[in-house]
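# Understanding the architecture of this molecule
Residue strings, one per chain:
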Amino acid sequence: MILGIDIGGANTKIASSDGTVAETYYLPLWKSAELNKKLTLVAQRYHPSDVVVVMTGELADSFCDKKSGVQYIKKAVEDAFATTRVTYIDVSGKLTDGCNESTLAASNWCASVRFFADEFENCIFADMGTTTTDIIPIVSGTPVAHTTDLKRLLHNQLVYTGLFRTNIAALTNHVYLRDMKCKLASEYFANTADIHLILGHITESSYTCETPDGGGKDLLSAKRRLARIVCADFEELADEEIYNMAEQIYKIQVEQITRSLEKIAQEYELNQIVVCGIGEFVLGQAALNAGLEATFISERYGKKISGVFPAYAAAKLNRKII
């Protein structure tokens, strides 16, 4: 078995090259989650012959800098898979032994775009996870991407919004309520997982991150949290008002991504997009708004693979000259 591993700050994802394994584990690195322990269990369960790693978790603020984060992740992986061949995909999309640690940070999107660059020579690749959205242009079969998160933020290639973990106050400072513009509390009272649960986009069982208040992941709890962003108790708002607020915030999230897609499409003269991730449906709506022709990874490889696509792509790229 060839196993791809994508280690993020909140989630670690694994996938096998044949697609039979596709799993996500909530392991918040900023809370000292036991990454090595989980990876050791994965090693004992699957006994892969090769492991290919990409990462973004080095940005977790439990590390003093990204270099320390990369070193922590490398050690956790190499200790867990001590008897397995371990390689990495760096920010240039090359397979490496990982000795040059400075090239490994924020590398998970590289595997995905390299996997598709031959087939989709001119397109945008977009992946929406729990926390962020990657938007990478591919021109003439070559990814035209900046290789640090800072540069990607500056150039619309990284949008810090995700399906679950985004603070509502980071998306907007107001909603319209009772025919008035109502400012929001600048607190972490609710997140985008609450919005998508209320709107029926996700289920309670798929709400895999922690809730802002440490409370339940049921519909009523999500509504209570959303009411609090306008400093209200659940009982102070009609159900219709809560749903309306959720709809407004969802549209704002879609519009935020749409604007970045439009800028990338215009800059590189692209009209096609390949979308994946647990937020694939959000990207689909943004692509429609931007007038882009969309290809959905879930329709090709299934929903599970779409949700862990960088890990799957890393496994598929093993030993391939890229």
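What you see is a predicted model; the values in this text were computed from it and never measured.

Take the overall build of the protein chain next. A count of helices and strands for the protein chain gives 12 helices and 14 strands. The C-alpha radius of gyration of the protein chain comes to 20 Å, within 12% of the 20 Å expected for a compact globule of 322 residues. On the principal axes, the C-alpha backbone points of the protein chain span a range of 60 × 45 × 35 Å. For the protein chain, the proportion of its 322 residues judged to be buried stands at 54%.

On the surface, L59, L153 and Y160 cluster together into a nonpolar patch covering about 290 Å² of accessible area. Looking at where L153 falls in the secondary structure, it is placed in helix α4 (residues 149-154).

If you walk through the whole model with that rule in mind, you get 17 salt bridges. Here D213 and R225 are joined by a salt bridge, their closest N and O atoms 3.0 Å apart. Of this pair, D213 sits in the loop between α6 (192-198) and α7 (219-228) while R225 sits in helix α7, and the two are 12 residues apart along the sequence. On the basis of relative accessible area, D213 is assigned to the exposed category, the value being 51%. Taking the shortest distance from any N to any O, the salt bridge between D233 and R228 comes out at 3.9 Å. The class for R228 is partly exposed, based on a relative accessible area of 43%. Sharing partners across several salt bridges, the network here consists of K74, E78 and E101.

Counting buried residues along strand β8 (residues 133-139), 6 of its 7 residues qualify, which places the element largely inside the surrounding structure. As consecutive antiparallel partners, strand β7 (residues 123-128) and β8 are separated by 4 residues. Relative to strand β10 (residues 158-159), β8 runs antiparallel, the two sharing 2 bridges. The residue bridging T133 from the neighbouring strand is V159, located in β10. Alignment of β8 against strand β9 (residues 142-143), held across 2 bridges, turns out to be antiparallel.

So, on to the packing of aromatic side chains. Under the criterion given, the structure shown has 13 aromatic pairs. Centre to centre, the rings of Y301 and Y312 are 5.5 Å apart; their planes meet at 55 degrees, and the pair counts as tilted. Pair noted here: Y301 is in helix α10 (residues 297-301) and Y312 is in helix α12 (residues 309-316), with a separation of 11 residues, a long-range link. Accessibility expressed as a relative area gives 29% for Y301, which makes it partly exposed. Residue Y312 is classed as buried on the basis of its relative accessible area, which comes to 6%. Taking the centre distance of 6.0 Å and the plane angle of 45 degrees together, the rings of F309 and Y312 count as tilted.

For the rest of this paragraph, the subject is the side chain of S260. Structurally, S260 can be placed in helix α8 (residues 239-268). We classify S260 as buried; its relative accessible area is 9%. If near-sequence neighbours (up to four positions away) are discounted, S260 is found in contact with I135, N156 and V159.

A word on the UniProt feature "domain: Hydantoinase A/oxoprolinase" (unreviewed entry) in the protein chain. Under the UniProt annotation, the feature "domain: Hydantoinase A/oxoprolinase" (unreviewed entry) is placed at residues 52-318. Secondary structure within residues 52-318 divides into 41% helix and 17% strand; the distance between the first and last C-alpha atoms comes to 7 Å.

Scanning the entire structure with this criterion turns up 0 disulfides. Free cysteine: C99, not disulfide-bonded; nearest cysteine sulfur from C110 at 18 Å. Residue C99 is classed as exposed on the basis of its relative accessible area, which comes to 62%. Counting only cysteine sulfurs, C123 is the nearest neighbor of C276, a cysteine outside any disulfide, at a range of 11 Å.

Thresholds, definitions, all that
Chains are numbered independently. Their residues run from 1 in the order of the written sequence. pLDDT decides what is reported in this predicted model: residues at 70 or higher carry local features, side-chain atom pairs at 80 or more are listed and counted, and totals for whole chains, interfaces and linings draw on all residues regardless. With hydrogens and water stripped out, all remaining heavy atoms of the structure feed into the side-chain values. Comment: elements are numbered from the N terminus, with helices defined as DSSP H or I runs of at least four residues and strands as E runs of at least two. Each radius of gyration reported is based on C-alpha atoms, and the globular scaling rule is 2.2 Å times the count of residues to the power 0.38. With a 1.4 Å probe rolled over the protein chains alone, any residue whose accessible area is under 20% of its type maximum counts as buried; one over 50% counts as exposed, and the rest are partly exposed. Here a patch means residues that are over 30% exposed by relative accessible area and free of salt bridges, tied together within 9 Å if like-charged and within 5 Å if nonpolar (Val, Leu, Ile, Met, Phe, Trp, Tyr). In this description, accessible areas are obtained by the Shrake-Rupley approach with a 1.4 Å probe, and a residue is regarded as covered only by the protein chains that are shown. Note on definitions: salt bridges are taken to be side-chain nitrogens of Lys or Arg within 4 Å of carboxyl oxygens of Asp or Glu. Strands qualify as paired when DSSP identifies two bridges or more between them. For this analysis, a ring pair means two rings from Phe, Tyr or Trp (six-membered ring only for Trp) whose centres lie within 6.5 Å, classed as stacked if their planes differ by under 30 degrees, edge-to-face if by over 60, and tilted for the remaining angles. Contact between two residues is taken to exist if any of their heavy atoms lie within 4.5 Å; hydrogens are not considered. UniProt positions are given in the numbering used here, feature names are shortened, and annotations may be inferred rather than shown by experiment. Two cysteine sulfurs form what is called a disulfide whenever their separation falls within 2.5 Å.

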